[in-house]
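Commentary on secondary and tertiary structure
If you want the building blocks of each chain, they are given just below.
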Amino acid sequence: MRHAGAVLRFERENRAWFARSVPDRGDDYFAGFEARHAALLAEQSTGRCHFHVLVDDDGEVLGRFNLVDVADGEAELGYRVAERAAGRGVATDGVRRVCTLAHQAYGLRRLTAVTTLDNAGSLAVLRRTGFTPAGEVTLDGRPGLRHVRDLTAGPVGD
């Protein structure tokens, strides 16, 4: 709960920015944020998900990097970065860090991630961090790609 207020500010301030490339969370997400956030943290205590935030020196959230649906050594990676931090390598660095945590701290062997075809930034991040395309998907009616990353292959650099 330590970062709950900062996460809510991050989501509100960047809502329009995120909606350009990922499905909007909807008004209910914001109206019920506190209860939803508490439920997610409770779920995290079971090991089925791992939530991470990257904060600046002022405690403001620059990005969120989440591992969800953890099972059988695998999880799905989701991430979003503040508009003010876009294009500065924050997403790439965050994804690399979470991949390392996923393998070393959580014992995961494989991650999946999805993004829309029109999200060039996210496609580039996934490519730079060792994910490879693994099939087409549809996200909120938009064409996308599913990606996979074998974490046992070691770190990926630029």
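Higher on the page you've got the structure.
Okay, so let's go over this structure. (Residues numbered from 1 in each chain as written. Predicted model: local features only at pLDDT ≥ 70, side-chain atom pairs only at ≥ 80, totals over all residues. Heavy atoms only, no water.)

Describing helix α6 (residues 120–128)
- For α6, every residue scored as buried is listed here: Ser 122, Leu 123, Ala 124, Val 125 and Leu 126.
- Buried residues along α6 sit against β3 (74–81), α5 (90–104), β4 (110–116) and β6 (142–150).
- Immediately downstream of α6, the backbone of Gly 130 shows phi near 90°, a positive value. (Buried < 20%, exposed > 50% of the residue type's maximum accessible area, 1.4 Å probe, protein only. Helix = DSSP H or I, 4+ residues; strand = E, 2+ residues; numbered from the N terminus. Contact = heavy atoms within 4.5 Å.)

What about the packing of aromatic side chains?
- The full count for this structure, using the stated rule, is three aromatic pairs.
- Ring centres 5.4 Å apart and planes at 55° place the aromatic pair Phe 10 and Phe 18 in the tilted group. For the pair Phe 10 and Phe 18, one class covers both residues: buried.
- Seen from their ring centres, Tyr 29 and Phe 33 are 5.7 Å apart, and the 75° between their planes marks the pair as edge-to-face. (Phe/Tyr/Trp six-rings, centres within 6.5 Å; stacked < 30°, edge-to-face > 60°.)

Points about the nonpolar core
- By size, the foremost hydrophobic cluster in this structure holds 22 residues, and its most contacted members are Leu 67, Leu 77, Tyr 79, Val 95, Leu 108, Leu 111 and Phe 131.
- Elements with a contribution of two residues or more to this core: β2 (61–71), β3, α5, β4 and α6.
- Apart from residues no more than four positions distant in its own chain, Leu 67 is found in contact with Arg 48, Cys 49, His 50, His 52, Ala 75, Glu 76, Leu 77, Val 98, Ala 102, Tyr 106, Leu 108 and Leu 111.
- Counting residues in hydrophobic clusters, the runner-up holds eleven residues, among them Ala 6, Leu 8, Phe 33 and Ala 82. (Core = buried A, V, L, I, M, F, W, Y, C linked by side-chain atoms within 4.5 Å.)

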